[in-house]
Amino acid sequence: MLTLFSVVRVEAAGSVVKGSGPAVYYVGTNGKRYVFPTSSVYFSWYPDFSKMKMAEDKKLNAYPISGHVLMRPGSRLLKSVTDPKVYAVEPGGILRWVATEAIAKSLYGSSWAKRVDDLPDTFFASYRQGVPLSAGEYPNGWLAIDASVTPPSPVLLWDGQKRALTDKQLTELRIDRA
């Protein structure tokens, strides 16, 4: 039995699209395509493939490839397959080295290692090195729950500050409050 997909025009910026090959792309507002280099990078942005559209290769190729989609800041920790250093990802593809296990545990809890994804070396060139994280310092762009308020509320951590997020912002970020 075959499953048929409807073939769509890639019209809207922000579309996740796939042609006849295995690659999945994000079409940016600049009219360019960005390749999801791994499934872990894709799933840092989307919970499943329900938003993905199929596109004819000819139409898809009208959008030039401009780079890789980077890991969503605040979603996962990264390491290279050939280097044991673990990094937090900040907006703009900035990697902040989590220098010790003690820092990792203080920031992400005792199961911090389950949040680490290996990324092939070829894709590390798309990121920039930032300064290592200090003990007690949270990376920019990470989401957290502020339990010091009632009811506990989601916040965005930025420059050491907690910024409250509205329901509209959570929806725009594709974050489920539940």
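Before reading further, recall that the structure is shown in the block above.
Quick notes on the rules
What you see as residue numbers is a count from 1 along each chain, following the sequence as written. The predicted nature of this model means local features are confined to residues of pLDDT at least 70 and side-chain atom pairs, given and counted, to a pLDDT of 80 or more, with totals for whole chains, interfaces and linings taken over all residues. Calculated side-chain values reflect all of the structure's heavy atoms, with hydrogen atoms and water omitted. For two strands to count as paired, DSSP must find a minimum of two bridges between them. Put simply, DSSP H or I for four residues or longer makes a helix, DSSP E for two residues or longer makes a strand, and each gets a number counted from the N terminus. The set of buried Ala, Val, Leu, Ile, Met, Phe, Trp, Tyr and Cys residues whose side-chain atoms join them within 4.5 Å is what this entry labels a nonpolar core. Partly exposed residues are those whose accessible area sits between 20% and 50% of the maximum for their type, while under 20% is buried and over 50% is exposed, using a 1.4 Å probe and protein chains only. We call two residues contacting when some pair of their heavy atoms lies within 4.5 Å.

Caption draft 1: Just the sheet that holds strand β6 (residues 77–80), in detail. Judged by pairing direction, the sheet is mixed, and its five strands sit side by side in the order β9-β6-β7-β8-β10 without closing on themselves. The open sheet has two edge strands, β9 (116–119) and β10 (128–129), and neither has a second partner. Sheet topology note: the strand β8 (residues 94–98)/β10 ladder contains two bridges and is parallel. Directly across from L95, in β10, lies its bridge partner Q129.

Caption draft 2: Seen up close, the nonpolar core. By size, the foremost hydrophobic cluster in this structure holds 17 residues, and its most contacted members are F36, L78, L95, L119 and Y127. Put simply, the parts of the chain that give this core at least two residues each are α1 (39–45), β7 (86–90) and α4 (121–124). When residues no more than four places from it in sequence are discounted, the contact partners of F36 are V16, V24, Y25, Y26, V41, Y42, W45, Y46 and V69. Core analysis: the next-biggest nonpolar cluster, separate from the first, contains 14 residues, V98, I103, W112 and W142 among them.

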